[in-house]
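Architecture at a glance
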Amino acid sequence: MNKQQMLNSALRILEERRNAAEEKAEITLERLRANKQWYALETQLRAAQVDLAMGGKDELKDRIAELEKERDELLGKLHLSPNDLVPQYSCKKCNDRGYVDGRQCDCLKRELQRLIIADSDLMNEDYTFGNSAETDRHNVAVYNRAQKLCREGKPNMLISGNVGSGKTYLLTACANLCAALGRSVRFVTAFTLNGDMMTAHLQGNEAREAILNEYIDVEVLLIDDLGSERIYKDVTAPYLFAIINERLVRKKQTFISTNLTLTEIRERYDERIFSRLVDRSSIFVAQLIGEDKRLNIK
Ligand SMILES: [Zn+2]
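Conventions we followed
Residues numbered from 1 in each chain as written. Predicted model: local features only at pLDDT ≥ 70, side-chain atom pairs only at ≥ 80, totals over all residues. Heavy atoms only, no water. Salt bridge = Lys/Arg side-chain N within 4 Å of Asp/Glu carboxyl O. Buried < 20%, exposed > 50% of the residue type's maximum accessible area, 1.4 Å probe, protein only. Helix = DSSP H or I, 4+ residues; strand = E, 2+ residues; numbered from the N terminus. Pairing = 2+ DSSP bridges. Axes fitted to C-alpha atoms, helices over the stretch in contact; angles between N-to-C directions. Parallel < 35°, antiparallel > 145°, perpendicular 65-115°, else oblique. Left-handed = near helix turned anticlockwise from the far one by under 90°. Contact = heavy atoms within 4.5 Å. Nonpolar A, V, L, I, M, F, W, Y, C, P; charged D, E, K, R; others polar. Phe/Tyr/Trp six-rings, centres within 6.5 Å; stacked < 30°, edge-to-face > 60°.

**Thoughts on the pattern of salt bridges**
- Under the defined criterion, the tally for this structure stands at 18 salt bridges.
- Across the pair arginine 33 and glutamate 26 runs a salt bridge, and its minimum N-O distance is 3.7 Å.
- For glutamate 26, a relative accessible area of 36% corresponds to the partly exposed category.
- Salt-bridge contacts for arginine 186 lead to aspartate 196; the nearest nitrogen and oxygen are separated by 3.9 Å. One end of the pair, arginine 186, is in strand 4 (residues 185-189); the other, aspartate 196, is in helix 7 (residues 190-201), with 10 residues separating them in the sequence.
- With relative accessibility at 15%, the residue arginine 186 sits in the buried group.
- A relative accessible area of 24% places aspartate 196 in the partly exposed class.

**Observations concerning the pairing of strand 4**
- Of all 5 residues that make up strand 4, 5 are buried, and the element is covered over most of its length.
- Alternating positions in strand 4 separate into two faces, Val185, Phe187 and Thr189 on one and Arg186 and Val188 on the other, with burial throughout.
- As judged from the 5 bridges shared by strand 4 and strand 5 (residues 220-226), these two strands associate in the parallel manner. Counterpart to phenylalanine 187 in the pairing with strand 5 is leucine 222.

**Quick word on the packing of helix 5 (residues 137-152) against helix 6 (residues 167-180)**
- For the pair helix 5 and helix 6, the least separation of the axes is 9 Å and the interaxial angle reads 30 degrees. The angle between helix 5 and helix 6 places the two elements in the roughly parallel class. Judged by the sense of rotation from one axis to the other, the crossing of helix 5 with helix 6 is right-handed. Of helix 6, the residues touching helix 5 (which contributes Val142, Tyr143, Ala146, Gln147, Cys150 and Arg151) are Tyr169, Leu170, Cys174, Leu177 and Cys178.
- Here the residues of the contact of helix 5 with helix 6 sort into 9 nonpolar, 1 polar and 1 charged.

**Some points on the packing of aromatic side chains**
- Taken as a whole and judged by the stated rule, the model has 3 aromatic pairs.
- Taken together, a centroid distance of 4.6 Å and an interplanar angle of 20 degrees make the contact between tyrosine 127 and tyrosine 169 stacked. Of the two residues, tyrosine 127 sits in the loop between helix 4 (106-119) and helix 5 while tyrosine 169 sits in helix 6, which places them 42 residues apart along the sequence.
- For tyrosine 127, a relative accessible area of 30% corresponds to the partly exposed category.
- Their ring planes at 85 degrees and their centres at 6.0 Å tell us that phenylalanine 129 and tyrosine 143 sit as a pair that is edge-to-face.

**Let's talk about the packing of helix 2 (residues 36-53) against helix 3 (residues 59-77)**
- Between helix 2 and helix 3, whose axes approach to 10 Å, the crossing angle comes to 155 degrees. The angle between the axes of helix 2 and helix 3 places the two elements in the roughly antiparallel class. Crossing of helix 2 over helix 3 shows left-handed handedness. Across the interface between the two elements, Gln37, Trp38, Leu41, Glu42, Gln44, Leu45, Ala48, Gln49, Asp51 and Leu52 of helix 2 pack against Leu60, Lys61, Arg63, Ile64, Leu67, Glu68, Glu70, Arg71, Leu74 and Leu75 of helix 3.

Written as structure tokens, this is what we have:
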């Protein structure tokens, strides 16, 4: 899903909520109108209110209060409350419309975030910076820097680390934070990306473009575990380059995790990818230190 589709879906969810709330109140009111006692009370109440509005005497106020009390008592007998007669919207701020003063309401942002996460691969909502149990001083510094990158929207990040160093956790925390900041996010494993690129490669131009664009258009792309995928000749490296390069040109943020060293990246892919990945002006390269403290950036 692209950003517009996601917004449409989120708004549709809110609209359903709003309609359900309005329908529920409407059904209750309809049932009440069929109740003779209720109907009589309502008619008198409305007449008294109109009279008062037309400049009637003050004692009408007492009459209205009395009728209202009677009406509420009748409601109680029918196991209803005055709240049942007006739509009970889930969000009191925007009445489930999604916007307050032309700005996205928090409920809409929450819905968008949920959709973004649901649309992504293997993304664990609990992996957040706030929930991190990381205590290693070096790693904590990397986490802090990563948070800053998410908030500033640049530069890109290449995070290396061996199994158990928590690079998937960090990448997911970045994805969750970016989603919470309202940016469109796509979180994939290199394995999934590679599979999609193979599919794209086998399609006609139009379908191929569509698949590639899903990776290029998204505001934040996160590729987990680069190097774990198979190398398909004429597919893996060229498409990876196309995506990374196009995103660089469009100034879209990309986060990559890998257990490869930079030397291994150069050997495995090609010089062009390597040069994009080590250009320090556009990428922050850091290493997470795992349990065995193996230093793997050479
Ligand atoms: Zn709202």
